[in-house]
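Below, each chain spelled out in residue letters.
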Amino acid sequence: MKNFLCVIILISFLSSCIPIRIAPGISDYNITKGKKFKRSLPKRQMFIFEDPKNANDFYNYINTKYYLKHDNVYDDIPFLIHNEQYFFSFYEVQIPDKAINFIPFISSILFNAAIGNFEDAQIKDPSVDRKDNWYLAIEVYSDLEKDCLSIDSLSREVVLKYLRALKKEYLSTDNYNEVVFKN
């Protein structure tokens, strides 16, 4: 009985995928240092949320909403809150989930053992399965403050309110030309 239980555990272990990296799950949004979330991001505090839409949808949304005409869409996008000028930059970030799948590896070993062919055997390596997760990271700054999302920033609350509204509008809008009529 003990041997049977060990075989069942071994088979279930080898037939499952072992996660190597799991992308973070963000229910609404996070405020965190960019470098902490992904090394390629700046050191400033970032407003980060998951992007369920297609690639470049946020780019098109921002381009349409702020009338940028495809000029400087990623950097220094100006906006006003209570007649004060702010700027934001955004980054589309990809963090894949990775897992090792042992099924092809084990099946090729078992198949070659069953036919007795070990000399010409083409044993496949364990495969790595990937699932891409996309995030949008937004940093906000002004002429007065380098990082408007930092804890000690005077404009943090109004900027967060603006970014939450921006995120909500982006996720609820399918045709970005509708945004022009809302403004």
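Right, let's walk through the structure included here. (Residues numbered from 1 in each chain as written. Predicted model: local features only at pLDDT ≥ 70, side-chain atom pairs only at ≥ 80, totals over all residues. Heavy atoms only, no water.)

Digging into the overall build of the protein
To be explicit about the condition: Secondary structure elements are taken from DSSP: a helix is a run of H or I of four residues or more, a strand is a run of E of two residues or more, and numbering for both begins at the N terminus. Think of it in three bands: with a 1.4 Å probe and only protein chains considered, a residue is buried below 20% of the maximum accessible area for its type, exposed above 50%, and partly exposed in between. Here the open area of atoms and residues is found with the Shrake-Rupley method and a 1.4 Å probe, where only the protein chains shown may cover a residue.
Per the secondary structure count, the protein includes 6 helices and 6 strands. Counting helices and strands in the order they occur from the N terminus, the protein gives α-β-β-α-β-α-β-β-α-β-α-α. Residues counted as buried form 37% of the 183 residues belonging to the protein. Roughly 12,000 Å² of accessible area belongs to the protein as shown, and the carbon and sulfur atoms make up 56% of that amount.

What about the pattern of salt bridges?
Convention followed: The rule for a salt bridge is simple: a side-chain nitrogen of Lys or Arg has to be within 4 Å of a carboxyl oxygen of Asp or Glu.
This model, assessed by the stated rule, comprises 3 salt bridges. Residues lysine 65 and glutamate 169 are paired through a salt bridge, measuring 2.9 Å at the closest nitrogen-oxygen approach. Of this pair, lysine 65 sits in helix α3 (residues 57-65) while glutamate 169 sits in helix α5 (residues 156-172), and the two are 104 residues apart along the sequence. Comparing lysine 65 with glutamate 169, the two get one shared label, buried.

Some points on α3
Among the 9 residues in α3, 8 count as buried, and that is most of the element. Those residues of α3 lying buried are Asp57, Phe58, Tyr59, Tyr61, Ile62, Asn63, Thr64 and Lys65. Downstream of α3 by one or two residues, tyrosine 67 has phi in the positive range, about 50°.

A word on the packing of aromatic side chains
Just so we agree on the cut-off: Any two of the Phe, Tyr and Trp rings considered here, Trp counted by its six-membered ring, make a pair once their centres fall within 6.5 Å; the pair's planes then place it as stacked at under 30 degrees, edge-to-face at over 60, or tilted in between. Lysine NZ or arginine CZ positioned within 6 Å of the ring centre and within 35 degrees of the ring normal marks a charge as sitting over the ring.
What the rule picks out here adds up to 16 aromatic pairs. Geometrically, the ring pair formed by phenylalanine 58 and tyrosine 61 is tilted, given 5.9 Å between the ring centres and 40° between the ring planes. Of this pair, phenylalanine 58 and tyrosine 61 both sit in helix α3, 3 residues apart, which is roughly one turn of that helix. Each of the two residues, phenylalanine 58 as well as tyrosine 61, counts as buried. Ring centres of tyrosine 66 and phenylalanine 88 lie 5.8 Å apart, and the angle between their planes is 65°; on these two criteria the pair is classed as edge-to-face. Here tyrosine 66 is found in the loop between α3 and β4 (77-81), whereas its partner phenylalanine 88 is found in strand β5 (residues 84-101), with 22 residues between them in sequence. Grouping residues by exposure puts tyrosine 66 and phenylalanine 88 together as buried. Ring pairs connect the aromatic residues Tyr29, Phe47, Phe49, Phe58, Tyr59, Tyr61, Tyr74, Phe90 and Tyr170, which therefore count as one cluster. Just above the ring of tyrosine 170 sits the side chain of lysine 53; from NZ or CZ to the centre is 4.7 Å.

Topic: the environment of proline 24
The condition is simple: The contact definition used throughout considers only heavy atoms, calling two residues in contact when any of these lie within 4.5 Å.
Structurally, proline 24 can be placed in the loop between β1 (17-21) and β2 (30-33). Counting along the chain gives 73 residues from proline 24 to aspartate 97, while the straight-line C-alpha distance between them is 9.1 Å. Once you skip the residues sitting within four places of it in the chain, proline 24 turns out to touch Phe37, Glu50, Ile95 and Tyr135.

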